[in-house]
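Single-letter residue listing:
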Amino acid sequence: MRSFEIFVDQKLQTAAAPLDVAPRSGLRSKARGEVLDVFVHGANVTATIAEGRGGFVLRDIALAIGELARAPRGKRIVHFYDDAWAFAIERLGAVALLSVYRSSPVPEVLLYDAELPFAEVLAGVAEATERALARGDDPELALARQALELTTTGDVERPSALPTFVEIDKDSPIALGCEFSMRPGPDASADTGVERSDLHALLFRGRIFAEVRGRSVELGDGHPFLVAERFLDLARAAFDAWDSGQLYHVRADAAGVPIGLRVGPDGQCALAVAQARKLGAARTTATFPALDVCDVAEAAIAFARGLVRVIQRRDRTQHQNLRLGALRQRARELGEAIRDVRRTDSKINPSPESYRAFALRRPAPAAEAPASPMPTRLRYRPRWRALVPGIDLRATFLCGDRLIVGGVAETFCLDRTTGELLWQARTERATAVVTPGGLARIKPDGAVEVHDFGNGEVTLRTWIAPRTSGPYAGAVVSAPGLPRLLVVTEGDQHLAAIDLMTGEARWRYAWGRRGVLRLKRAGKLLYVSSGDSGLTALDVTTGAVVWRARDRRRFRAAPAVDASQLFAVLGGVGSPASLVCLDPYSGEPSWRADIDAGTGALACSIEGTPLVTERAVVVLVRERHTLRVVGYDRATGARLFASACPEAPVGTSWLVVDDLLVGNTPAGALVAVSAETGALRYKHALGSGLEADLPRRLEPVLRSGALYVPHAEVHVFRPSDGTRIATIGPSEAIPDLLRVDENNNVYVAEESGHVVSYGVGPRLELVGAS
């Protein structure tokens, strides 16, 4: 028997059914396949590989050997077709080094650098191709067989493997190191400028060791690069779990080196490592409890970076190895996450008086007619109808006496009383926002245009850096004593304040890279959070940081702000959560309360932002089968109540009305919960209907003391006691968008493009008695 042989046999294989069948029924079908068997020194090294296209793999191996036969030194990698397995052949003169490994996120090495005479490998491949050609004509395989005859004999000096070390940092509480020998790569001057993923070049073996709290631990012989990859991934998963307040426990094999990580409820990490498995030798395990998660993550980062550094120093061509670059990128991202958590740039505003005075300033009250009592009934009748092709509900606004309706290719302006078309302008789909100077439209390429409300003409045009991920977010600044600004996300890391008079950027603020940006403006301050550990207050006129709050838990949603207090939720995405109260102008913390829904569970999921009433602040805790309403005293943070509200499923839209929390549920019910006791005040069924008849947006609208609730129809209630005042319907359009003007006229827009306006009908009133 030769030292190297290949066989391709026709065998009955189990193949997956078509993609449109297998995911639903799990059916399997029988198919005729070609099984590849590679024997090295009599051992079948591919016995565990389920490859059904052995003929194609044989062809690729023959072509690779044919290319290597024409040069005394080189390397070729043949990838299998049914899985991520690869067969690597490296020629060093008269010697061939063979490797079989699985190139995947969790690699597996079956054979590494098995040394054979190149002539034996060439002869084994030639015999296999002849046997395959004898079974049938294959032009590609015949061409590969001819290439095997063009052999270049000769020897080259075998490059000596150079000893390489990744040293342990003695000053770190946890550190990993290794020592290995690595052959220099080909001449870097022959570089073609093409980046490729080459795991084979990183599969060198060496001794791996660690030092934890001054104790040396021998991890045995293994593949240092694979250990670095796996340890970095486990450290990132443990860090993310710790960062979100979740538990984490994993045991994994890092290329033969067992590693265990556990993050407990106290946030501390336990690390267990063992020696690589040796035949006939007992394995010893070392466990280190009560470690800092960031120390474990930094040890993984340091080991990965040190390994990348010495590999690139020994072989300059590895700068273009995508696999090595991916490890470096993951280490960089984890390092940035650790720095974000450890930031200590909290800031208190020592002079909040000017911001407080501006927020508390009230305009002079205008003379108003005496308010009429709330009617017991309202009657509505259709006023006008319109059909807008390709309507964009996010670009539809009620602006004074006009209704601006955005479409796919045009924007329309309608008279809100008659529905008459006032103007139309050709536009592209963009993010639209109403500003004092007109309708601002931000295009995907970063172009910003402001259309005049009177005629639709563009009165201002400017440009910002486009976003590459996520939608635009922003806020409009327009108040007496403040400049007219449009604050909008620019690119992926900045906020820009555009002057609506000149189109120039007044200021630009770098808000970071993590999460989705959430903005809340109150007075002269703009509150910014991006799902990280910081909540920042910016001066809207200058962009300067007025104050910043930092916490280990993350600010997951926009804060709720009133004249004297700011409330924000920390955590609460399947993790422990806290409610904090800050001074909105100085950032000084007033109180903090851990959110306890009364069930004893540490982890919870918070829905939306805190709901603020006159005496309480309420958070909504979503549980598996119900919603729990938890109320806290605004002054002290003491918990007032925690009550279940099973009537409010996921997707309920909430509105604060005096001392009530009013929710419009997707199940077709209106619920009102007391913000002082958590008790259910009333519940109304809005009617049954098909899921397709439910509006896309369920937000109720409060106007002139009446509550307008969208469902398949629009229902009008007195919010204090839940008395039904009117029902607008059956509607000619599903209220996917609902707007109500100051005269209680209703405007309904459906996603199909239908727009309908309803006016309040005449009603009888008692004007006097005889």
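All values derive from a computational prediction rather than experimental measurement. (Residues numbered from 1 in each chain as written. Predicted model: local features only at pLDDT ≥ 70, side-chain atom pairs only at ≥ 80, totals over all residues. Heavy atoms only, no water.)

Observations concerning the pairing of strand E5 (residues 85–92)
Test applied: Remark: exposure states derive from per-residue accessible area (1.4 Å probe, protein chains only) relative to the maximum for the residue type, with buried under 20%, exposed over 50%, and partly exposed in between. To qualify as a helix, a DSSP run of H or I must reach at least 4 residues; to qualify as a strand, a run of E must reach at least 2; elements of each kind are numbered from the N terminus. By the convention used here, strands pair only if DSSP detects at least 2 bridges between them.
Counting buried positions along E5 gives 8 out of 8 residues, so the element sits mostly inside the fold. Covered by surrounding structure in E5 are Trp-85, Phe-87, Ile-89 and Arg-91 together with Ala-86, Ala-88, Glu-90 and Leu-92, the residues of both alternating faces. Taken together, the 7 bridges between strand E4 (residues 73–79) and E5 define a ladder with antiparallel strand orientation. Paired with His-79 across the two strands is Ala-86, which belongs to E5.

Some thoughts on the sheet that holds strand E12 (residues 248–254)
This is how the line gets drawn: With axes taken as lines fitted to C-alpha atoms, and helix axes fitted only over the stretch in contact, angles between N-to-C directions fall between 0 and 180 degrees. We call two residues contacting when some pair of their heavy atoms lies within 4.5 Å.
Taken in spatial order, the 4 strands make up an open sheet running E12-E13-E14-E15, and their pairing is antiparallel. Here the strands that pair on one side only, and so sit at the sheet edges, are E12 and strand E15 (285–291). Neighbour to neighbour, the strand axes of the sheet diverge by 10 degrees on average, direction disregarded. The pairing of strand E14 (residues 269–274) with E15 spans 5 bridges and is antiparallel. From the neighbouring strand, Val-273 faces E15, where its bridge partner is Ala-286. Across the face of the sheet, helix H5 (residues 224–243) comes into contact with E12, strand E13 (257–263) and E14 while running at roughly 175 degrees to E12.

Observations concerning the sheet that holds strand E50 (residues 737–740)
Spatial strand order, E16-E52-E51-E50: 4 strands in an open sheet with antiparallel pairing. Because the sheet does not close on itself, it has two edges, and the strands there are strand E16 (380–387) and E50. Neighbouring strand axes in the sheet, compared pairwise and without regard to direction, differ in orientation by 20 degrees on average. Bridge count between E50 and strand E51 (residues 746–749): 4 bridges; the pairing is antiparallel. Of the residues in E51, the one forming a bridge with Leu-738 is Val-748.

Looking at the layout of surface pockets
Note the threshold: Points on a 1 Å grid over protein atoms alone make up a cavity when a 1.4 Å probe fits among them but cannot get out, and a pocket when they form an open set with protein on both sides within 12 Å along at least five of seven lines; lining residues each have an atom within 4 Å of a point. Grid points are joined across faces, edges and corners, and a volume is the space filled by probe spheres set on the points. Only Asp, Glu, Lys and Arg are considered charged in this grouping, and only Ala, Val, Leu, Ile, Met, Phe, Trp, Tyr, Cys and Pro are considered nonpolar; every other residue, Gly among them, is considered polar.
One number sums up the size of the second largest pocket: a volume of about 920 Å³. In terms of lining, the second largest pocket is formed by 31 residues, of which the most central are Arg-394, Phe-397, Thr-431, Ala-432 and Arg-697. Within the residue set of the lining of the second largest pocket, elements represented by two or more residues are strand E17 (392–399), strand E21 (431–435), strand E25 (474–477), strand E26 (485–490) and E50. For the lining of the second largest pocket, the element with the highest residue contribution is E17, accounting for 4 residues. Per-class residue counts for the lining of the second largest pocket are 21 nonpolar, 2 polar and 8 charged.

So, the nonpolar core
What counts, and what does not: We call a set of buried residues a nonpolar core when its members are Ala, Val, Leu, Ile, Met, Phe, Trp, Tyr or Cys and they connect through side-chain atoms within 4.5 Å of each other.
Of all hydrophobic cores here, the largest spans 65 residues; its most connected members are Phe-239, Leu-261 and Leu-307. Per-element accounting of this core gives the leading share, 13 residues, to helix H6 (residues 293–314). Residues in contact with Leu-261, not counting those within four places in the same chain, are Leu-234, Ala-235, Ala-238, Tyr-248, His-249, Val-250, Cys-269, Ala-270, Leu-271 and Val-296. Of all hydrophobic cores here, the second largest spans 37 residues; its members include Leu-36, Val-38, Val-45 and Ile-89.

Re H6
Owing to its 3.6 residues per turn, the α-helix aligns residues three or four sequence positions apart on the same side. What counts, and what does not: To estimate how far a helix should extend, the number of its residues minus one is multiplied by 1.5 Å. Two N or O atoms count as a polar contact when they lie within 3.5 Å, although within protein this holds only if one can serve as hydrogen donor and the other as acceptor, and sequence-adjacent residues are included solely when both atoms are side-chain atoms.
With 22 residues, H6 extends 32 Å between its outermost C-alpha atoms, agreeing within 8% with the 32 Å of an ideal straight helix rising 1.5 Å per residue. Capping the start of H6, Asp-292 holds a side-chain oxygen 2.8 Å from the backbone nitrogen of Cys-294, two or three residues further along.

Here we look at the confidence of the model for the chain
Let me state the cut-off plainly: A residue's pLDDT is simply how confident the predictor is in it, with values from 0 to 100.
Mean pLDDT over the chain stands at 86; residues scoring 70 or higher make up 89%. Low confidence marks residues 12–32, where pLDDT is under 50. Its contacts with residues over four positions away, or in another chain, come to 26 contacts. Contacts for the low-pLDDT stretch residues 365–371, under 50 throughout, to residues beyond four places or in other chains number 0 contacts.

Quick look at empty space enclosed by the protein
Considering all chains together, one arrives at 4 cavities of 30 Å³ or more under this definition. Empty space within the largest cavity amounts to approximately 90 Å³. Residue lining of the largest cavity: Ile-174, Leu-176, Ala-210, Val-212, Leu-219, Val-227, Phe-231, Val-257, Ile-259, Leu-271 and Val-273, and that is the complete set. Volume-wise, the second largest cavity comes out at about 60 Å³.

Observations concerning the packing of helix H3 (residues 118–135) against helix H4 (residues 139–147)
For the record, the criterion: Note that the term roughly parallel is reserved for angles under 35 degrees, roughly antiparallel for angles over 145, roughly perpendicular for angles of 65 to 115, and oblique for everything else. A crossing counts as left-handed when the near helix is turned anticlockwise from the far one by less than a right angle, and as right-handed when that turn is clockwise.
In contact at an axis separation of 10 Å, H3 and H4 are set at 150 degrees when each is read in the N-to-C sense. Between H3 and H4, the angle is such that the two are roughly antiparallel. Here H3 runs over H4; the crossing is left-handed. Residues Ala-126, Thr-129, Glu-130, Ala-132 and Leu-133 of H3 form the contact with H4, whose participating residues are Leu-141, Ala-142 and Arg-145. Within the contact of H3 with H4, the residues separate by chemical class into 5 nonpolar, 1 polar and 2 charged.

Focus on the pattern of salt bridges
Here is the rule we go by: By salt bridge we mean one thing: a side-chain nitrogen of Lys or Arg within 4 Å of a carboxyl oxygen of Asp or Glu.
Enumeration according to the criterion identifies 47 salt bridges in this entry. Of the charged contacts in the structure, one is a salt bridge between Arg-553 and Asp-594, with a shortest N-O distance of 3.8 Å. Here Asp-594 lies in strand E37 (residues 589–594) and Arg-553 lies in the loop between strand E32 (545–550) and strand E33 (560–561), a separation of 41 residues in the sequence. The residue Arg-615 makes a salt bridge to Glu-676 at a minimum N-O spacing of 2.0 Å. Of this pair, Arg-615 sits in the loop between strand E38 (604–612) and strand E39 (616–622) while Glu-676 sits in the loop between strand E44 (669–674) and strand E45 (680–685), placing them 61 residues apart in sequence.

Re the environment of Glu-229
Mapped onto the secondary structure, Glu-229 falls in helix H5. The exposure class assigned to Glu-229 is buried, which follows from its relative accessible area of 4%.

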